[in-house]
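# Chain and residue survey
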Amino acid sequence: MALWRYHKYVSAARRGPFNLDSAPQSTEFFDRYSRQILFSGIGKVGQERLASASAVIVGCGAIGASTAALLARAGVGRLRILDRDFVEPSNLQRQSLFDEADARESLPKSVAAEQKLRAFNSAISVEGTVADLTPRNVDALLSGFDLILDGTDNFETRFLINDFAVKHQRSWIYAAAVGSYGLTMTIRPGVTACLACLLEADHLSPSVEETCDTVGVLGPIVQLISSLESAEALKLLAGKEDALHGRLISVDVWSGHFQSVAVSRNPGCRACDRHDFSYLDGEAQPHVTMCGRDSVQIHERSRSLDLVALGARLGPSVESVRQNDFLLRFRVPPYEMTVFADGRAILKGSQDPAVARSLYARFIGA
Ligand SMILES: [Zn+2]
């Protein structure tokens, strides 16, 4: 269905109940989603609500990519995909939206994801955004969406999402996987426990301390957690809150162990009780060690780089310069640096922030 026809359909759907007579162009819509509409938990009204709903997926690695694909195919009307990283060969084992060509071209994940999602469903709005979520841009990137979905690989970003969501009374779904183990919890501010209730209480420690860097991660646990997250998203966006499981679910696909526990709100919670949103007030993150490889990310404040000029300037002093519209990559053995147009850079081959800062200053400039 052409985009304008789809918008016409959505407008008609917003005016009143689904009606084939009053929406003659909706036959294709009805057919496309027929198996989902036949499912009594969604139905026609639920499908209409999905069509006018929106979600932002923060991080398009393994869980984010699978969740984005499921929601795009399910007909969620508007999706934004945020990711700061680019596709690499080591992603292909589990990140189901990407292929070898994406890795060869080092496409930003959000750009590659947008292309794939548009091919899955041209009737929805999909926007891939190359960005790192920070306290400075969190309002601009997350505002205006019905639901926020966790596809991140680190707790700093998850707490930033949690503080934003609690402050603005917006639902979000926590999801994480490492090794063969994963967990997920749907967070509805004011109704359920929040991430700070779960992880900042004295008797609990962060549930996933290992990273993909140290213990790896299996494709099947990613798909399973993504499926649980996506099902919860469909319930919320279709207006079926009564169907939400309301638990912290954890699964290990290697041992076959499934666990589901109720999590109570912490009466003195920093975020949802005391409204101390310290992650929103955070200073710019100076460095972040990334999941999945031996890398350091360097953040720069709102800096705009001319990658073509930079590539020309670097040419003689570094090796293997490659670039596309979004990034520039070069090698300074044993390191490899990837620079984005917004000034961010990822240094591969070291986890030492001082080395990263030094190479950045030397080749990109302070
Ligand atoms: Zn809380």
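Preceding this paragraph is the structure being described.
Throughout what follows, the structure given in this document is the object of discussion. (Residues numbered from 1 in each chain as written. Predicted model: local features only at pLDDT ≥ 70, side-chain atom pairs only at ≥ 80, totals over all residues. Heavy atoms only, no water.)

### Some points on the nonpolar core
- Core analysis: the biggest nonpolar cluster contains 39 residues, and L79, I81, L97, L117, L147 and L149 have the highest contact counts within it.
- Where this core is concerned, the elements lending two or more residues are helix 4 (43–51), strand 1 (54–58), helix 5 (62–74), strand 2 (78–83), helix 7 (109–120), strand 4 (147–150) and helix 12 (219–237).
- Tallying contributions element by element places helix 5 first for this core, with 6 residues.
- When residues no more than four places from it in sequence are discounted, the contact partners of L79 are A55, A68, L71, A72, I124, S125, V126 and E127.
- Counting 36 residues, the second largest nonpolar core, distinct from the first, contains L160, L248, C272 and F277. (Core = buried A, V, L, I, M, F, W, Y, C linked by side-chain atoms within 4.5 Å. Buried < 20%, exposed > 50% of the residue type's maximum accessible area, 1.4 Å probe, protein only. Helix = DSSP H or I, 4+ residues; strand = E, 2+ residues; numbered from the N terminus. Contact = heavy atoms within 4.5 Å.)

### Let's talk about the sheet that holds strand 1
- With mixed pairing, the 8 strands of this open sheet are ordered in space as 3-2-1-4-5-6-7-8. Since the sheet does not close on itself, it has two edges, and those belong to strand 3 (125–130) and strand 8 (257–261), each with one partner. Taking the axes of each pair of neighbouring strands and ignoring which way they run, one obtains an average angle of 15 degrees across the sheet.
- Here 3 bridges tie strand 4 to strand 5 (residues 171–178), and the two strands are oriented parallel to one another. Looking across to strand 5, one finds that I148 is bridged to W172.
- Helix 7 contacts strand 2 and strand 3 of the sheet and is inclined by roughly 165 degrees relative to strand 3.
- Those strands touched by helix 12 are strand 1, strand 4, strand 5, strand 6 (181–187), strand 7 (248–252) and strand 8, and its axis lies near 175 degrees from that of strand 5. (Pairing = 2+ DSSP bridges. Axes fitted to C-alpha atoms, helices over the stretch in contact; angles between N-to-C directions.)

### What about the packing of aromatic side chains?
- Applying the stated criterion across every chain, the model contains 7 aromatic pairs.
- An aromatic cluster of three or more residues is present, and its members are F155, F159, W172, Y174 and Y279.
- Of note, R73 hangs over the ring of F120, and the distance from its end group to the ring centre comes to 3.8 Å.
- Taking NZ or CZ as reference, R344 lies 4.2 Å from the ring centre of F340, over its face. (Phe/Tyr/Trp six-rings, centres within 6.5 Å; stacked < 30°, edge-to-face > 60°. Lys NZ or Arg CZ within 6 Å of the ring centre and 35° of its normal.)

### Some details on the pattern of salt bridges
- With the rule as written, the count across this model stands at 13 salt bridges.
- Where E127 meets R80, a salt bridge forms, and the shortest distance between an N and an O atom there is 3.0 Å. Remark: R80 occurs in strand 2 and E127 occurs in strand 3; sequence separation between them is 47 residues.
- For R80, a relative accessible area of 10% corresponds to the buried category.
- In this structure, the salt-bridge partner of E88 is K348, at a minimum N-O distance of 2.9 Å. Residue E88 is located in the loop between strand 2 and helix 6 (100–104), and its partner K348 is located in strand 14 (residues 345–348); the two are separated by 260 residues in the primary sequence. (Salt bridge = Lys/Arg side-chain N within 4 Å of Asp/Glu carboxyl O.)

Note that all results are geometric; they support no functional claim without further evidence.
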